[in-house]
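Residue-level structural notes
Now for the letters of each chain:
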Amino acid sequence: MDLDEAAQSLVLTFLPGTLASSSRWSGQPAIHERAGRLVRRLHESVTPRPLPDYAQQLLAGFDAWAVRAAALVDDEDLSRARAIAATVTDLGPVEGVAAHRDNSARNWVVDEEGHVRLIDFGACDVEPWWVDLQRLRGREWSGRPDLQEAFLAGYGRSLDDRTRHLLRAYCARAAVSTIAWATEHDDQPFAAEGRAQLQALLSESQ
């Protein structure tokens, strides 16, 4: 990759292969294990830094998206989702890493030898590490705990109770933002995905 700041240009190298979400590679634990190792390398590419305002920012983000989703989501569901998001305030300080923020098999390229490469860094930002589990949780890992186990084995970290709670708080915000954003952009399949994730999250809390 070459960058010319003066010209505002970025030259990227073509990566051969097919997406891990394709029929050839979909659902293979080995691919998730390799992706977990790769995402860990991304996260460790910069020094972790404290995010002292993370809880307040997550809740502020939820509230902003909830306004945009008000006509799209039942009031009671929004209220319950916010209660889940609000648990982030009880779970102490967090650290941010170089997070992909759109991490799923749709952004992994697998070549003929089975090597996995991560693509599409347009949403990359400093976030807690578990943010890069959110897309997987709502997509590839649904009904496939073996894929989650494989990814986390590659990543070299497990989900303790605190991390599960923090991830659920983030997923509440992500589900509502997905519904609002996708509807505004007339992406009905993506909006349906957000609705399914929201209902799954609310069912867990019952």
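Cut-offs applied
Going along each chain's sequence as written, the residues are numbered from 1 onward. Where totals are concerned, whole chains, interfaces and linings use all residues; where local detail is concerned, this predicted model gives features only for residues with pLDDT of at least 70, and gives and counts side-chain atom pairs only at 80 or more. Side-chain metrics in this entry use all non-hydrogen atoms of the structure; hydrogen atoms and water are not considered. Paired strands are those between which DSSP finds at least two bridges. In this description a helix means any DSSP run of H or I spanning at least four residues, a strand means any run of E spanning at least two, and both kinds are numbered starting from the N terminus. Throughout, exposure labels follow a simple rule: accessible area from a 1.4 Å probe, protein chains only, divided by the maximum for the residue type, with under 20% read as buried, over 50% as exposed, and the rest as partly exposed. Within 3.5 Å is the distance limit for a polar contact, defined as a pair of N or O atoms, with the added protein rule that one can donate a hydrogen and the other accept it, and that residues adjacent in sequence qualify only through two side-chain atoms. Two residues form a contact once any of their heavy atoms are found within 4.5 Å.

Taken in spatial order, the three strands make up an open sheet running β4-β5-β8, and their pairing is antiparallel. Both edges of this open sheet fall to β4 (49–50) and β8 (125–127), since each of them pairs with a single strand only. Two strands pair when backbone bridges link them, and strand β5 (residues 95–99) and β8 are joined in this way by three bridges, in the antiparallel orientation. Each bridged residue has a counterpart across the sheet, and for Val-97 the counterpart in β8 is Glu-127.

Non-glycine residue Asp-120 carries a positive phi angle of around 65°. Examined against the element boundaries, Asp-120 turns out to sit in the loop between β7 (116–118) and β8. A positive phi angle, near 55°, is found at Asp-186, a position not held by glycine. Relative to the elements of secondary structure, Asp-186 occurs in the loop between α6 (161–184) and α7 (188–204). We classify Asp-186 as exposed; its relative accessible area is 60%.

Tracing the chain through its elements places Ser-203 in helix α7. With a relative accessible area of 46%, Ser-203 lands in the partly exposed category. From its side chain, Ser-203 meets the backbone oxygen of Gln-199 in a polar contact 2.8 Å long.

Our focus in this paragraph is the environment of Arg-101. Tracing the chain through its elements places Arg-101 in the loop between β5 and β6 (108–110). Along the chain, Arg-101 and Glu-33 lie 68 residues apart, while their C-alpha atoms are 18 Å from each other. Apart from the residues within four sequence positions on either side, Arg-101 is in contact with Ala-123, Cys-124, Asp-125, Glu-127, Val-131 and Asp-132. Polar side-chain contacts of Arg-101 include one of 2.7 Å to the backbone oxygen of Ala-123.

The values are spatial; any link to function lies outside them.
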